[in-house]
Amino acid sequence: MGDGFTNTDLAYNGRYKECMNKAAEYFFSIEPYKSYRDCFNVYVVVAESEEEGVGEKGFWGGNSINNKFGTVFGSGTEIMCDDELIFEYARKIKELPEDKPITVLVVLNSDKYAGTAYLYADGNSIALCPMSAEKSPNDFEGIVHHEAGGHAFGFLCDEYVYNRSEMPENRKNAIKEWQKLGYQMNLDFTNNLNEILWKDFIGLEKYDNVGAYEGGYEYQYGVWRSEENSCMNNNIPYYNVQSRWCIVSRIMKLSNLNFSVQDFIKWDNPIYPSLSRVVQSVNDFEPLAEPKWIMKK
C-alpha cells in the first residue's frame with residue numbers, strides 16, 4: 001500500500017498501481033526471493049491521502065502533511081507511522097489467513113532516502129519505503145531490499161558498523177531474546193567456526209567466502225556476521241548466506257513445509273554483485289534508520 005498518494009494518483013492503471021507494482025518487482029528481484037517467488041501471495045491495498053507526500057518533524061515544528069497513515073520523517077533516515085491503521089487496512093484483504101503473520105510494504109510518495117521497519121514478536125511487520133531518487137544501491141529498489149526483504153520479512157539485524165567499540169551487553173542480551181523466537185539470526189557472538197550459527201556453510205566450496213567477520217548492528221567488536229558484505233551491511237543487491245538461510249527457513253515455516261539445511265545448500269543460488277558494484281556501495285553507503293523491534297503487539 002502507499003501513503004501520501006492523492007485521488008489523482010488512483011486512476012485505473014495509474015501512478016499508484018505503477019508504484020505498487022514496482023515495489024513488488026523490486027522485492028523479488030534478488031535471491032532468495034527471486035527463486036521462491038511462487039511461495040508468496042501479493043496484494044495491493046488502495047489508500048487515498050488528503051494531501052500529497054510525507055510530513056517532516058523538525059526543531060521548529062516541521063511540516064505536517066495530511067496523509068492516510070501519518071508517515072513522517074524524523075531525525076536522520078528515521079520514519080514514523082500509524083502502525084495500527086496500517087494493519088487495519090491490510091486486514092481488509094479478506095483472503096489473508098488469520099493465523100499467519102503479514103509483511104506490509106508501505107510505499108511513500110517521496111524521493112527522500114530514508115527507511116524504517118516495524119518488527120513485532122508475533123511475526124507481523126511493516127517496511128516504510130520512500131521512492132528514493134539516490135543512485136543505486138540507495139535508490140528505491142535498494143531501500144525495498146534492505147527494509148522489506150531484509151528487515152520486514154527476513155527479521156534480520158543490520159550488519160553495518162559506525163561505533164568503533166564493543167557491543168554493549170544489554171544490546172547482546174536484547175538480540176539473544178529475539179533469537180529465542182528465531183529472529184535476528186544473521187549475527188552471532190562467537191568466532192568459533194565449529195559453533196557459529198552458520199557453521200554448516202563453512203568449508204564448502206560453494207561458500208568459500210563465508211567465515212566470521214567481526215562487526216554488526218552498529219558495533220565493531222564482540223559480534224560477527226557471515227560475510228564481508230551484504231544488503232544488511234551496505235545495501236548491495238545481495239543477501240549473505242546466513243541471511244538467505246534465515247529468509248528461506250521462514251518461507252518454508254510459513255508454508256508448512258519441511259526443509260533442511262542440506263535442502264537449502266542444494267537449491268541455494270548465490271549471485272554475487274561485481275566488485276565494482278560492491279566498492280561503489282561501500283563508498284556511497286549511508287545507514288538507514290534502526291528498525292523498531294516491538295516485543296508485544
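One can find the structure itself at the top, above this paragraph.
Residues numbered from 1 in each chain as written. Predicted model: local features only at pLDDT ≥ 70, side-chain atom pairs only at ≥ 80, totals over all residues. Heavy atoms only, no water.

Q: Any chance you could explain the overall build of the protein chain here in plain terms?
A: Helix and strand content of the protein chain: eight helices and eleven strands. Taken against the 2.2 N^0.38 rule, which gives 19 Å for 297 residues, the C-alpha radius of gyration of the protein chain at 19 Å falls within 12% of a compact globule. Taken over the C-alpha atoms alone, the protein chain extends approximately 55 × 45 × 40 Å along its principal axes. Looking at the 297 residues of the protein chain, the share that counts as buried comes to 54%. In the protein chain, 63% of the contacts between residues at least 6 apart in sequence involve partners at least 24 apart. In the form shown here, the protein chain has an accessible surface area of approximately 13900 Å², with 47% of it arising from carbon and sulfur atoms. For the protein chain, the distance from the average site of its 29 positive side-chain charges to the average site of its 44 negative ones is 3 Å. (Helix = DSSP H or I, 4+ residues; strand = E, 2+ residues; numbered from the N terminus. Rg over C-alpha atoms; globule rule 2.2 N^0.38 Å. Buried < 20%, exposed > 50% of the residue type's maximum accessible area, 1.4 Å probe, protein only. Contact = heavy atoms within 4.5 Å. Areas by Shrake-Rupley, 256 points an atom, 1.4 Å probe, with all protein chains shown as cover. Lys, Arg positive; Asp, Glu negative; His and termini not counted. Charge placed at Lys NZ, Arg CZ, Asp CG, Glu CD.)

Q: Can you walk me through the packing of aromatic side chains in this structure?
A: The description of an aromatic ring pair uses the distance of the two centres, along with the angle that the planes make with each other. Using the criterion set out here, one finds 21 aromatic pairs in the structure. Judged by centre distance (4.4 Å) and plane angle (45°), the rings of Phe27 and Tyr33 are tilted. Looking at Tyr33, the relative accessible area reads 0%, which means it is buried. Ring geometry for Tyr33 versus Phe153: centroids 5.9 Å apart, planes at 75°, classification edge-to-face. Of this pair, Tyr33 sits in the loop between α1 (15-27) and β2 (55-56) while Phe153 sits in helix α3 (residues 140-153); the two residues are 120 residues apart in sequence, bridging distant segments of the chain. An aromatic cluster is defined as three or more aromatic residues linked by ring pairs; in this entry it consists of Phe27, Phe28, Tyr33, Phe40, Phe153 and Tyr239. Lys92 extends its terminal NZ or CZ atom over the ring of Tyr89, reaching a point 5.0 Å from the ring centre. Cation over ring: Arg171 sits above Tyr217, and NZ or CZ is 4.2 Å from the ring centre. (Phe/Tyr/Trp six-rings, centres within 6.5 Å; stacked < 30°, edge-to-face > 60°. Lys NZ or Arg CZ within 6 Å of the ring centre and 35° of its normal.)

Q: Teacher, can you tell me more about the sheet that holds strand β1 (residues 2-3) here?
A: Through backbone hydrogen bonds, the strands of a sheet pair up, either in parallel or in antiparallel fashion. Within the open sheet, the five strands sit side by side as β1-β5-β7-β6-β11. Their pairing is mixed. Only two strands of the sheet have a single partner each, and these edge strands are β1 and β11 (292-294). Taken together, the three bridges between strand β6 (residues 116-120) and β11 define a ladder with parallel strand orientation. Paired with Tyr120 across the bridge in β11 is Ile294. (Pairing = 2+ DSSP bridges.)

Q: Can you help me understand the nonpolar core in this one?
A: Across soluble globular proteins, you tend to see nonpolar side chains buried next to one another. Grouped together as the largest cluster of nonpolar side chains are 70 residues, with contacts concentrated most on Met1, Ile86, Val104, Ile126 and Phe201. Of all the elements, helix α6 (residues 241-254) adds the most residues to this core, at seven residues. Non-local contacts of Ile86, meaning those with residues more than four positions away in its chain, are made with Met1, Phe69, Cys81, Val104, Val106, Ile126 and Leu128. If you look at the next biggest cluster of nonpolar residues, it comprises 14 residues, including Cys157, Leu187, Val223 and Trp293. (Core = buried A, V, L, I, M, F, W, Y, C linked by side-chain atoms within 4.5 Å.)

Q: When you look at the side chain of Asn235 in this model, what are you seeing that I'm missing?
A: By the secondary structure assignment, Asn235 is in the loop between α5 (231-234) and α6. Only 3.1 Å separates the side chain of Asn235 from the side chain of Asn138, close enough to count as a polar contact. At 3.1 Å, the side chain of Asn235 and the side chain of His146 are in polar contact. (Polar contact = N/O pair within 3.5 Å; in protein donor to acceptor, adjacent residues only side chain to side chain.)

Q: Quick question: what am I supposed to make of α1 here?
A: Spacing of three or four residues puts side chains on the same side of an α-helix, whose turn is 3.6 residues. Taking 1.5 Å as the rise per residue, α1 with 13 residues should run 18 Å; its terminal C-alpha atoms sit 19 Å apart, in good agreement. Tyr16, Cys19, Met20, Ala23, Ala24 and Phe27 are the residues of α1 that are buried. Here the buried residues of α1 occupy an arc of 135° about the axis, which is enough to place them on one side. In this structure, the buried residues of α1 make contact with β1, β5 (103-108) and α3. (Expected span 1.5 Å × (residues − 1). Arc of directions from axis to C-beta.)

Q: Just to check I follow, could you spell out the environment of Glu141 for this structure?
A: As for its placement among the helices and strands, Glu141 is situated in helix α3. Under the relative-accessibility criterion, Glu141 is labelled partly exposed at 24%. Once the C-alpha coordinates of Glu141 and Ser125 are considered, the two residues, 16 residues apart in sequence, prove to be 19 Å apart. Contacts of Glu141, omitting those with residues within four sequence positions, involve Tyr26 and Ser29. For Glu141, the side chain forms a polar contact with the side chain of Ser29, separated by 2.8 Å.

Q: So what exactly am I meant to see when it comes to the pattern of salt bridges here?
A: Working definition: two side chains of opposite charge can pair if their charged atoms are close together. By the definition in use, this model includes ten salt bridges. Arg15 serves as the salt-bridge partner of Asp9, at 3.3 Å between the closest nitrogen and oxygen. Taking relative accessible area as the criterion, Asp9 reaches 6% and is therefore assigned buried. A salt bridge links Glu177 to Lys180; the nearest nitrogen and oxygen atoms lie 2.9 Å apart. Residue Glu177 is classed as partly exposed on the basis of its relative accessible area of 40%. The exposed category is assigned to Lys180, whose relative accessible area is 64%. Residues joined in a network through salt bridges with shared partners are Glu166, Glu169 and Lys172. (Salt bridge = Lys/Arg side-chain N within 4 Å of Asp/Glu carboxyl O.)

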